[in-house]
Structure formats: structure tokens, C-alpha cells
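Below are the chains, spelled out letter by letter.
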Amino acid sequence: MRHAPRAPKITAVLQQRTLKSISRAVGVGLHSGQRVELTLRPAPVDTGIVFRRVDLPEPVDIRMTAEAVTDTRLASTISTGGAKVQTVEHIMSACAGLGIDNLIIDITADEVPILDGSASSFVFLLQSAGIELQKAARKFIRVTRQVEVREGEGANEKWARLAPYHGYKLAFEIDFDHRVVNSTGQRVEFDLGSGSYSRDIARARTFGFTKEVEYMRSKGLALGGGLDNAIVMDDTKVLNAGGLRYDDEFVKHKILDAMGDLYIVGHPLLAAYTAFRSGHALNNKLLRELLLHEDAWEIVTFDDARQAPAGFAEIARAW
Ligand SMILES: [Zn+2]
């Protein structure tokens, strides 16, 4: 039997995405050490990403917006009224990397489970639920002029910047004076148009030092942290039996975090992000600085998905 060649695709709008089905995970919070369940649910067009605290007497919805971020000391925490969810950055990073617009995340405690300390478990959860295209145009925040935030001077200097770019790329530089980190790449660039989020970024784990962990535990923090969900180093070496997942896993995790922190703005960015020693606090400050200047951004959609920058039109492949 012979098959006729496939007809060329008709012009199609670049659509919003949600999940095809429900997906569940159970784990512990990095800081609280508490057991927590997540249920990821499909959501209607223009919902955005919403956490729903289902453990409270009345469920409370917390929507992703730059203003919802209320604490950035150890992780990005969002809150509304008295309800909060801590450590949202890794699951938000996975949503950004896979291009999920609309999602309801039922959560049974105030902290997202750390799972393996990277975003790869969230990528797996989202992909196993399947990705559904929806009948509405995907909205992007296109940066139209450069915006920058800075803090500190000399050895404490840090900055982050967004500049116009037809696509989405991130360049990050860290400056850790530690034997292990020094011997790895401290600067990395990732472009969604040419790289693969799942393969190149999602597997990078959070990292910590034994001294720090001991101090944090004494303060009742990092109670769920350990070799299963972080790269842990003493003064001279990585203690995890398997070593590193990427040669430059440390700085790649900073890209992973930045993608999560920036996606809290509610839409994918069309921009080039560049940062030096930035973190959750400065990333959020950058979003607020951007939103403050109405001449620095605009909302755009693509009526013809082929006009969208590389990396946005196709569904991300698994690994
Ligand atoms: Zn992180």
C-alpha cells in the first residue's frame, strides 16, 4: 500500500498549553522536612500557574505574579493573605522549560517537595501527564528595552539584566571561591532555541556545603536536605557517591533557578537574561523593575506559530 505525502500544515496560531491528564507526586520539603503531596491538574485558558493549598480548612489559591513573591531568603516563596508556598522555583522552571501556561497545583503543605533537588522529576511528571494544546493564543512578555538591577560593590557585587531578544536565552556567571566549584565552568549560556531544557538544564541539582547545612539545621532549616536531593560538598570535595551530573552542574542550576524565578511573572519572556551572582531576590527585583517600566515590555502573541522564535513552537522532546 502506498501513502500519499502529508499535506502541508495550515497556518496555526501558537497556542497555550496545559496538561492532558492529572499527575501526582509525593516528597518532602527541603526546609520543613514535611511530607507533602502534589497533584498537577489541567486548567482552562488564561488560568496561569496556580498553587492551591488543599490542606487548609478552606482551599486557598495562590496565583503566580511578581508581586506574589514575598520571601526570597532561601528559595522563592509566594503567598496571599496568610497562605504561602515555599520553594516554587524548580517546578516553575520545569513549566517554563516545557512551555506550560495553565496548571493548577494542589499542594498539601506550605513547601513544594524537593524530590531530587533538580527539575527533572517535575519534567517527568508534566510529560507523563501529556501536554494539551488549547484554543487560545499563547501570550508572551516581549522585552523592548534593557532593564537592569544591581546590588553591592566589589566582592559583593551582583546584577541581573533583561534585554531585547527574539527568543529566550540566559547567561549566568557564578563566582564561588571553592576548590570544587572553581574547577568547573562558572559561566554558562542556554538558548531555548538551540538547546534542550530537559537534557541540558533540568537535571542540575541544588548545592550546598556541609558547614552551611549544619548551620541551617541548627536554625531548623534544610531539614529535608541530604545527599539524595543536593550536591553536598565539604571543604575539598563533592560527597555524593555519583559525583556531578554535568561538568558545570553548579552554574546550570543557577540557570534552572532563574528560569523558574522569571516564569513567576506569569508569561514566557522574549528576552536575553544575563546575570552575575544573582539569586532569587535579585531575580524577583528584576521582574518588578521590568513591570514598573511600561515602555520596557509589551504582550505579544503569534498568529502564525512559524513566526515564533525557535524553541517555542515545538513541544519539548523528552531528554
Ligand atoms: Zn534551586
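Preceding this section is the structure that the text describes.
Residues numbered from 1 in each chain as written. Predicted model: local features only at pLDDT ≥ 70, side-chain atom pairs only at ≥ 80, totals over all residues. Heavy atoms only, no water.

A. Spatial organisation of the sheet that holds strand E3 (residues 35-42). Strands sit in the order E2-E3-E9-E4-E5 across an open sheet of 5 strands; the sheet is mixed. Whereas interior strands pair on both sides, the edge strands pair on one side only; in this sheet they are strand E2 (23-28) and strand E5 (60-63). On average, adjacent strands in this sheet sit at an angle of 25° to one another, irrespective of strand direction. Across 5 bridges, E3 lies against strand E9 (residues 103-107) in antiparallel orientation. Bridging from a neighbouring strand, Pro42 pairs with Leu103 of E9. Together, E3, strand E4 (49-53) and E9 form the strand contacts of helix H1 (residues 89-98), whose direction differs from that of E4 by roughly 145°. (Pairing = 2+ DSSP bridges. Helix = DSSP H or I, 4+ residues; strand = E, 2+ residues; numbered from the N terminus. Axes fitted to C-alpha atoms, helices over the stretch in contact; angles between N-to-C directions. Contact = heavy atoms within 4.5 Å.)

B. Highlighting the nonpolar core. Of all hydrophobic cores here, the largest spans 84 residues; its most connected members are Phe51, Tyr197 and Tyr273. The element best represented in this core is helix H6 (residues 249-263), accounting for 8 residues. Setting aside anything within four residues of it in sequence, one finds Tyr197 in contact with Ser93, Ala94, Gly97, Ala119, Val123, Phe190, Leu192, Ala202, Leu256 and Met259. (Core = buried A, V, L, I, M, F, W, Y, C linked by side-chain atoms within 4.5 Å. Buried < 20%, exposed > 50% of the residue type's maximum accessible area, 1.4 Å probe, protein only.)

C. Helix H7 (residues 280-292), seen in detail. For H7, which comprises 13 residues, the first-to-last C-alpha distance of 18 Å matches the rise-based estimate of 18 Å (1.5 Å per residue) to within 8%. Among the residues of H7, His280, Leu282, Asn283, Asn284, Leu286, Leu287 and Leu290 are the ones counted as buried. (Expected span 1.5 Å × (residues − 1).)

D. Structural context of the coordination of the zinc ion. Of the protein atoms, only His90 (NE2), His253 (NE2), Asp257 (OD) and Asp257 (OD) coordinate the zinc ion, at distances of 2.1 to 2.7 Å. One way to put it: the 4 donor atoms around the zinc ion meet at angles of 53 to 149°, and that makes the site irregular. Taken in sequence order, the residues that donate to the zinc ion follow the motif H-x162-H-x3-D. Here Asp257 and His253 lie together in helix H6, a separation of 4 residues that amounts to about one turn. For the pair formed by His253 and Asp257, the shared burial category is buried. (Donors = N, O, S within 2.8 Å, 3.2 Å for Na, K, Ca; no water. Tetrahedral: all angles 85-135°; square planar, octahedral: opposite > 155°, others 65-115°.)

E. Representation of the packing of aromatic side chains in the model. Here the structure, examined in full by the defined rule, presents 5 aromatic pairs. An angle of 75° between the planes, with centres 5.4 Å apart, marks the rings of Phe140 and Phe302 as edge-to-face. Taken together, the residues Phe140 in strand E11 (residues 140-143) and Phe302 in the segment after strand E19 (297-300) connect sequence positions 162 residues apart. The buried category is assigned to Phe140, whose relative accessible area is 0%. Since its relative accessible area comes to 11%, Phe302 is described here as buried. (Phe/Tyr/Trp six-rings, centres within 6.5 Å; stacked < 30°, edge-to-face > 60°.)

F. Examining the environment of Ser76 more closely. For Ser76, the location among the structural elements is in the loop between strand E6 (69-71) and strand E7 (77-80). Along the chain, Ser76 and Gly260 lie 184 residues apart, while their C-alpha atoms are 9.1 Å from each other. If we skip the residues at most four places from it in the chain, Ser76 touches Asp71, Val85, Gln86, Thr87, Val88, Glu89, Asp261, Ile264 and His280.

G. Quick look at the packing of H6 against H7. One can describe the packing of H6 onto H7 by two numbers: an axis separation of 9 Å at closest approach and a directional angle of 40°. On the basis of their axis angle, the class for H6 and H7 is oblique. The two elements H6 and H7 meet at a crossing, and its hand is right-handed. Along its contact with H6, which presents Asp257, Ala258, Asp261 and Leu262, the element H7 presents His280, Asn283 and Leu287. The residue inventory of the contact of H6 with H7, partitioned by class, reads 3 nonpolar, 2 polar and 2 charged. (Parallel < 35°, antiparallel > 145°, perpendicular 65-115°, else oblique. Left-handed = near helix turned anticlockwise from the far one by under 90°. Nonpolar A, V, L, I, M, F, W, Y, C, P; charged D, E, K, R; others polar.)

H. Region of the structure containing the pattern of salt bridges. For the coordinates displayed, the defined rule picks out 20 salt bridges. Glu37 is the salt-bridge partner of Arg35, the closest N and O atoms lying 3.1 Å from each other. A salt bridge links Asp55 to Arg53, with the shortest nitrogen-to-oxygen separation between them at 2.9 Å. Within the structure, one salt-bridge network assembled from shared partners comprises Glu148, Arg150, Glu157 and Arg161. (Salt bridge = Lys/Arg side-chain N within 4 Å of Asp/Glu carboxyl O.)

I. How the structure looks around the environment of Leu162. Here Leu162 lies in strand E13 (residues 158-163). Sequence spacing of Leu162 and Asp175 is 13 residues, and the spatial spacing of their C-alpha atoms is 20 Å. The residues contacting Leu162, other than those within four sequence positions of it, are Val143, Arg145, Gln146, Val147, Leu269, Ala271, Ala272, Tyr273, Leu286 and Leu290.

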